[in-house]
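Structural features, examined
Residue strings, one per chain:
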Amino acid sequence: MENPRDCGLLIKQISDELRKNANNALRPQDMTLAQLDVLVELDRAPDGKRSLKELEQILHVAQSTAAGIIARLEQKGFAEGFGDAGDRRVKLVRITPAGIECVRSALHHRAEAEERLLSDLTETERDIFYTLLKKVRASL
């Protein structure tokens, strides 16, 4: 019998399923969810660029992981890395037009997936669900 209070397991199962579906949807574009997360953060930046250090902190990944993701995005033409003219120790990353197009397409698919996820909830239930998710996240 299922334990009705095992919220952690339910959250993990939902997260795993969402991640699997997202990676499957991104596979035809030769893209991973981690790579998309970087592109989304670059797209959100006011001038389309961030330092490698900022990306590490925003995405909660190690420097080597961030560098590897950026290298793969550069190979695909979705991002470009360059040095900061004022401080040669700082590596900056900029989204390219191809990266912007990739983000637009992926966010459209993400919106469709979220609609499927929430399809059995009323608008009021969706608002409550989102509020509760934010509250739980803030407690961590």
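Residues numbered from 1 in each chain as written. Predicted model: local features only at pLDDT ≥ 70, side-chain atom pairs only at ≥ 80, totals over all residues. Heavy atoms only, no water.

1. Let's talk about the overall build of the protein
Within the protein one finds six helices and three strands. Taken from N to C terminus, the helices and strands of the protein fall in the order α-α-β-α-α-β-β-α-α. Each principal axis of the C-alpha atoms in the protein carries an extent, and together these give about 60 × 30 × 30 Å. When the 140 residues of the protein are sorted by exposure, 24% land in the buried category. Intrachain contacts of the protein at a sequence separation of at least 6 include 43% that bridge at least 24 residues. For the protein, the accessible area works out to roughly 9900 Å², and carbon and sulfur atoms hold 55% of it. Between the centroid of the 22 positive side chains of the protein and the centroid of its 23 negative side chains there is a distance of 5 Å. (Helix = DSSP H or I, 4+ residues; strand = E, 2+ residues; numbered from the N terminus. Buried < 20%, exposed > 50% of the residue type's maximum accessible area, 1.4 Å probe, protein only. Contact = heavy atoms within 4.5 Å. Areas by Shrake-Rupley, 256 points an atom, 1.4 Å probe, with all protein chains shown as cover. Lys, Arg positive; Asp, Glu negative; His and termini not counted. Charge placed at Lys NZ, Arg CZ, Asp CG, Glu CD.)

2. Topic: the layout of surface pockets
One number sums up the size of the largest pocket: a volume of about 2000 Å³. Lining the largest pocket are 39 residues, and of these S15, L18, E114, L117 and L133 sit closest to its centre. For the lining of the largest pocket, the secondary structure elements donating two or more residues are α1 (7-26), α2 (33-44), α3 (52-59), α5 (97-118) and α6 (123-138). The greatest single-element share of the lining of the largest pocket, amounting to 12 residues, is contributed by α1. Split into classes, the residues belonging to the lining of the largest pocket amount to 24 nonpolar, three polar and 12 charged. (1 Å grid on protein atoms, 1.4 Å probe; cavity = no way out; pocket = protein on both sides within 12 Å on 5 of 7 lines; lining within 4 Å. Points joined across faces, edges and corners; volume = space filled by probe spheres on them. Nonpolar A, V, L, I, M, F, W, Y, C, P; charged D, E, K, R; others polar.)

3. Regarding unusual backbone geometry
A positive phi angle is found at D30, which is not glycine, with a value near 55 degrees. Mapped onto the fold, D30 is located in the loop between α1 and α2. Note on D30: relative accessible area 51%, which makes it exposed. One non-glycine residue, H60, lies in the positive phi region at around 55 degrees. When you line up the elements, H60 lands in the loop between α3 and α4 (63-76).

4. Re the side chain of S51
Counting through the fold element by element, S51 comes out in strand β1 (residues 49-51). With a relative accessible area of 12%, S51 lands in the buried category. When residues no more than four places from it in sequence are discounted, the contact partners of S51 are V90, K91 and L92.

5. Topic: the packing of α2 against α5
Contact pair α2 / α5: the axes reach a minimum separation of 10 Å and the direction vectors enclose 110 degrees. Taken together, the axes of α2 and α5 are roughly perpendicular relative to one another. Of the two possible hands of crossing, α2 and α5 adopt the one that is left-handed. For the pair α2 and α5, the contacting residues are L36, D37, L39, V40 and D43 in the first and G99, I100, C102, V103, R104, A106, L107 and R110 in the second. When the residues that make up the contact of α2 with α5 are grouped by side-chain class, the tally is eight nonpolar, one polar and four charged. (Axes fitted to C-alpha atoms, helices over the stretch in contact; angles between N-to-C directions. Parallel < 35°, antiparallel > 145°, perpendicular 65-115°, else oblique. Left-handed = near helix turned anticlockwise from the far one by under 90°.)

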